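The chain contents come next:
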Amino acid sequence: MTVNQYVDGLRTSGQPFDAESANSNYSNEGVLPACHGESRDELRPESNPSDSSLDYGVDAIRAADYAGGDVDVSCLDNQGPKAGSGWTEGPHDSVAEGHDNVTKRPRNLTSFSESQCGRDEFATIMKEVGELGPWQWFIAFFNMLMTITAGIQNNSYPMLVGSSNNWAYGCKLKDDSNFTLNSDLQSCEIVLADSEQPIKCSESDSHEMVYQHEHFDNALLTEFHLMCGYANFLVPLVHSAFTIGCFFGVFLFGWLGDWVGRKKALCVGVPIMIVLNFSLTFSPNIYVFLAVRLLQGVVVFGTFTVAYVISMETTAPSRRAMIGNVVHIPWGLQFITVALIAMWLKHWRYQQIVYSIPSLLCLVCVTPLLSESPRWLAINGKIEEATQVLLRGAKWNGKKVSEESIRERLESFHRRASEDAHKQPSNLKLAMGLVKTPEMRRRFLFSAVIWFQGAFTNHGINFYAPQLAEDPYLAYCLVGFFEFISPVIGAIVFTYGRRLPLIFLFAVCGFISYNIITVMKVWPDNNEFQLLAMLLFATFLSDMAFNGIYVHVSEFMPTTHRSIGLGSCSAVARIGSSLSSILVSTASSYPYLPPVIFGTLSLAGSFCTYMLPSTENQELPETIEDVEEHGRERRRGLTWLSQNSIAKFKANTTSGVSDHVASSCNHCDKRMKRNTVSSGLCDEAMIQNVTCV
């Protein structure tokens, strides 16, 4: 008998579910190793368990049906659901012939290793050591120090450069002590007495450039004479060099952390980072400054990434999302920190010294207080070291654990990790999977455009605000404030969806960017308040949207390619960020160009988001095949089956549609072969659009 026939019999008779009876009445070849072995099926605990023992056992029976085995009674020793431990089912591809209407994968699944039975050994160890205690908070604190350091060095660009359109500059005789610079003068040329043609000030040995700004005393622009000629093109490279370094640093330190360990990578990187941060202060010219800035980006973001990995690997899965958000909170505040320091110290060299001080606190990584990642130790066969690290973590958290139990489970975890490592495809094969099939190619390319424009627009507007403002310090502080609150508001907004809010945010940001030109036209003078208000609103929207991209893209990328997909999109975003400062530097010569580019890219991002699927309240795709199937259904105007559609269908069975089962609809029967639910009922949308024969 099939599983549905067995389950329907239980429902008709009203008998409670009994695992031993299930094994005797319903069996297939083999045994389902539900608690201690690996199952081809995957189940997910839900927060709202079923209310009956029958419903609790049905999914275990169906899991046995797919795996080709009996039910392991040891996993079902309690008749009925436990709080927070119910089982769910969902619509998926049908399985082999003879297994009628049996589902293959559930909705919103996790790996079987982290399911109710047979979960990841390391996850269970972390739960015993303490899901979130003083040990994890200390590591998170170190991670926040790295966030502060990376945030300050990344966001210091406008203050170091002296980014503003309100500079006055001109050329004067070197020995002219009575020269007064007109506040409206912006000239790089001088007319000599014996010549009628103007020449560049740098071409005259007897003249020099002088600069004046209400808020800046000494900046890179003035000390290295970057206002005039080709030297002006070097200004945006101050930011671009750093972001290009970040691009390579993530890969370099990612490889180093996997090779020698997380802590050793930090012990190498943090001292180098400190030296580079302080050595930037002593740059004799702009070329040395740019070279050091490039290396600084490599090390700062490389070590920042390794610190983040340690924090994630020492936190229980249920707490990772919270820790991941907490450690990034200081990032937005560093806009304010940078502006306040620049307001206090108006010389860029003194500013850089103060900017580098927080990195000294990161030396805690070389002390025994910061442990190596126990997960990395276990994967690499260093079981004893991993055991001692976990015991120390348990002591910090005030937990008592069995050393022998931890050691045995770490050995089991190491064996499984070693087996899985041989099955993993190469990075090149994973990367090619992003563009191998039509739907994956479509999703990746649209995602790449969105990430590029998101980073370009967000960083560009952040740098554009102090460029236009009369008071760049105030403008940058306000940018930091809106950068800080946007993730908080975004967390609320994105609970109502992903795709539609992103479409709206990008579109509004684009229209605001275009309206900056209107403000410049209508109020050619005294428009600071209007421009700043529009730029801050655009900053708020673009940052909120940029944060939402992470969630949206991760939800429609398949599990097999989710990491490589997000990593590739992040690399594209780095390119957008590095180019944004180049566009902002053209604002003084071409004031309408930045708003047009920002607006156009934002609208392009809105269109690309519209072309991507909705992901809220839907299952995560597991493989490329899932993505392609979803793409075909989306083009046919269908959606994934959901529990809600099934519930609606069952609620309408009294109105005459109860006879619409898979066996009575030819079209639906074909559909069921690709994507079925355990009840054997057609999707509600299918019922309404098919003629039964």
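Computed from a prediction, not measured in an experiment: that's the story for all the values here.

Caption draft 1: Structural view of the overall build of the chain. Each helix and strand in the chain was counted, giving 27 helices and six strands. Expressed as a percentage of contacts within the chain between residues at least 6 apart in sequence, the contacts between residues at least 24 apart total 78%. Counting only carbon and sulfur atoms, one obtains 59% of the accessible surface of the chain, whose full area is about 31200 Å².

Caption draft 2: Spatial organisation of helix α15 (residues 383-397). A rise of 1.5 Å per residue sets the reference length of α15, with its 15 residues, at 21 Å; its end C-alpha atoms lie 21 Å apart and thus fit the reference within 8%. Residues I383, A386, T387, V389, L390, G393, A394 and N397 constitute the buried set of α15. Burial along α15 is one-sided: seen end-on, the buried residues are contained in an arc of 165°. With its phi angle positive at about 75°, G398 sits one or two positions after the end of α15.

Caption draft 3: Examining the packing of aromatic side chains more closely. Under the criterion given, the structure shown has 19 aromatic pairs. With a centroid separation of 5.4 Å and an interplanar angle of 55°, the aromatic rings of F138 and W396 are classed as tilted. Note that F138 is positioned in helix α5 (residues 134-155) and W396 in helix α15, a separation of 258 residues in sequence. Overall, F138 belongs to the buried group, its relative accessible area being 18%.

Caption draft 4: The pairing of strand β3 (residues 168-173), seen in detail. In terms of residue burial, β3 counts as a mostly covered element, since five of its six residues are buried. The sheet contact formed by β3 and strand β6 (residues 207-212) spans six bridges and is antiparallel. Looking across to β6, one finds that G170 is bridged to V210.

Caption draft 5: Representation of the side chain of S163 within the structure. Structurally, the position occupied by S163 is in the loop between α6 (157-161) and β3. Separated by 2.3 Å, the side chains of S163 and Q467 make a polar contact. Not counting chain neighbours up to four residues away, the residues in contact with S163 comprise P158, F216, F463, P466, Q467 and P472.

Caption draft 6: Local environment of unusual backbone geometry. The phi dihedral of H225 is positive, around 50°, even though this residue is not glycine. For H225, the location among the structural elements is in the loop between α7 (220-223) and α8 (237-260). Residue classification places H225 among the partly exposed positions, given a relative accessible area of 42%.

Caption draft 7: Looking closely at the packing of α8 against helix α10 (residues 286-313). In contact at an axis separation of 6 Å, α8 and α10 are set at 40° when each is read in the N-to-C sense. With respect to α10, the axis of α8 lies oblique. Judged by the twist between their axes, the crossing of α8 over α10 is right-handed.

Caption draft 8: Main features of the environment of W259. By secondary structure assignment, the location of W259 is in helix α8. Measuring from C-alpha to C-alpha, the distance between W259 and N380 comes to 9.6 Å, with 121 residues separating the pair along the chain.

Caption draft 9: Inspection of a nonpolar patch on the surface at higher detail. Together, I357, L360, L363 and V366 make up an exposed nonpolar region whose accessible area comes to about 310 Å². Residue position: L363 is located in the loop between α13 (348-361) and α14 (374-379). On the basis of relative accessibility, which here comes to 34%, the residue L363 falls in the partly exposed class.

Caption draft 10: How the structure looks around the state of the cysteines. Here the structure, examined in full by the defined rule, presents two disulfides. Disulfide pairing is shown between C171 and C201; the S-S distance is 2.0 Å. Between C171 and C201, the disulfide has an S-S torsion of 75° and is therefore right-handed. Of this pair, C171 sits in strand β3 while C201 sits in the loop between β5 (199-200) and β6, and the two are 30 residues apart along the sequence. Assessed through its relative accessible area of 9%, C171 is described here as buried. Disulfide pairing is shown between C188 and C228; the S-S distance is 1.6 Å. Handedness here is read from the sign of the S-S torsion; for C188 and C228, about -75°, the answer is left-handed. In this pair, C188 is assigned in the loop between β3 and β4 (189-190) and C228 in the loop between α7 and α8, connecting sequence segments 40 residues apart. What makes C228 partly exposed here is its relative accessible area of 22%. Here C267 stays free of any disulfide, with the sulfur of C365 as its closest cysteine sulfur at 4.8 Å. Taking the relative accessible area as the measure of exposure, C267 reaches 28% and is therefore partly exposed. Among the cysteines around C362, which has no disulfide bond, C365 carries the closest sulfur, lying 7.4 Å off.

Caption draft 11: The environment of I503, seen in detail. Within the secondary structure, I503 sits in helix α20 (residues 499-522). In this structure I503 comes out as buried when scored by relative accessible area, which is 17%. Sequence separation between I503 and F607 is 104 residues; the distance between their C-alpha atoms is 7.2 Å. Once residues lying within four places of it in the same chain are set aside, the contact partners of I503 are S606, T609 and Y610.

How each quantity is defined
Residues numbered from 1 in each chain as written. Predicted model: local features only at pLDDT ≥ 70, side-chain atom pairs only at ≥ 80, totals over all residues. Heavy atoms only, no water. Helix = DSSP H or I, 4+ residues; strand = E, 2+ residues; numbered from the N terminus. Contact = heavy atoms within 4.5 Å. Areas by Shrake-Rupley, 256 points an atom, 1.4 Å probe, with all protein chains shown as cover. Expected span 1.5 Å × (residues − 1). Buried < 20%, exposed > 50% of the residue type's maximum accessible area, 1.4 Å probe, protein only. Arc of directions from axis to C-beta. Phe/Tyr/Trp six-rings, centres within 6.5 Å; stacked < 30°, edge-to-face > 60°. Pairing = 2+ DSSP bridges. Polar contact = N/O pair within 3.5 Å; in protein donor to acceptor, adjacent residues only side chain to side chain. Axes fitted to C-alpha atoms, helices over the stretch in contact; angles between N-to-C directions. Parallel < 35°, antiparallel > 145°, perpendicular 65-115°, else oblique. Left-handed = near helix turned anticlockwise from the far one by under 90°. Patch = residues over 30% accessible without salt bridge, like charges linked within 9 Å, V, L, I, M, F, W, Y side chains within 5 Å. Salt bridge = Lys/Arg side-chain N within 4 Å of Asp/Glu carboxyl O. Disulfide = S-S within 2.5 Å.

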